[in-house]
Amino acid sequence: MRKLGDQARADAIVADLGELERLRRYLVFGRKDGRANVDKLVRAIDDYVEEMTGDRTKLHARGSSIGA
């Protein structure tokens, strides 16, 4: 029973990370409103991701393998 609950929690975290990644990408690359304090919002997302996963950089863009 506990295993099922742990899996449900893990699935929920993965879903939340997907939505947070979409929001973070929008803020960094696609935002339209210049009034938003993007740095503060991105830091808040990173703080929350760190609380959930222990890895603050979980949603950061990965380096390109081109030329590596």
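Check the entry above for the structure.
Residues numbered from 1 in each chain as written. Predicted model: local features only at pLDDT ≥ 70, side-chain atom pairs only at ≥ 80, totals over all residues. Heavy atoms only, no water.

A. Fine view of the environment of Val42. Mapped onto the fold, Val42 is located in helix α2 (residues 38–53). A sequence separation of 17 residues divides Val42 from Arg25, and the C-alpha atoms of the two residues are 9.2 Å apart. (Helix = DSSP H or I, 4+ residues; strand = E, 2+ residues; numbered from the N terminus.)

B. Seen up close, helix α1 (residues 2–30). Compared with the 42 Å implied by 1.5 Å per residue over 29 residues, the 41 Å span of α1 between its first and last C-alpha is a close match. Turning to α1, its buried residues are Ile13, Leu17, Leu20, Arg24 and Leu27. For α1, the elements touching its buried residues are α2. (Expected span 1.5 Å × (residues − 1). Buried < 20%, exposed > 50% of the residue type's maximum accessible area, 1.4 Å probe, protein only. Contact = heavy atoms within 4.5 Å.)

C. Quick look at the pattern of salt bridges. Taken as a whole and judged by the stated rule, the model has five salt bridges. Here Asp46 makes a salt bridge to Arg24, at a shortest N to O gap of 3.0 Å. Taken together, the residues span a long stretch of sequence, with Asp46 in helix α2 and Arg24 in helix α1 at a distance of 22 residues. The class for Asp46 is buried, based on a relative accessible area of 5%. Residue Arg24 is classed as buried on the basis of its relative accessible area, which comes to 12%. The shortest N-O distance in the salt bridge between Arg56 and Glu50 comes to 3.3 Å. Here Arg56 falls in the partly exposed class, since its relative accessible area comes to 28%. (Salt bridge = Lys/Arg side-chain N within 4 Å of Asp/Glu carboxyl O.)

D. Just the nonpolar core, in detail. Judged by nonpolar contacts, Ile13, Leu17, Leu20, Leu27, Val38, Val42, Ile45, Val49, Met52 and Leu59 together constitute the single largest core of 10 residues. For this core, the elements supplying multiple residues, two or more each, are α1 and α2. When residues in this core are grouped by element, the largest group, five residues, is from α2. Ignoring anything within four residues of it in the chain, the contact list for Val42 reads Arg24, Leu27 and Val28. (Core = buried A, V, L, I, M, F, W, Y, C linked by side-chain atoms within 4.5 Å.)

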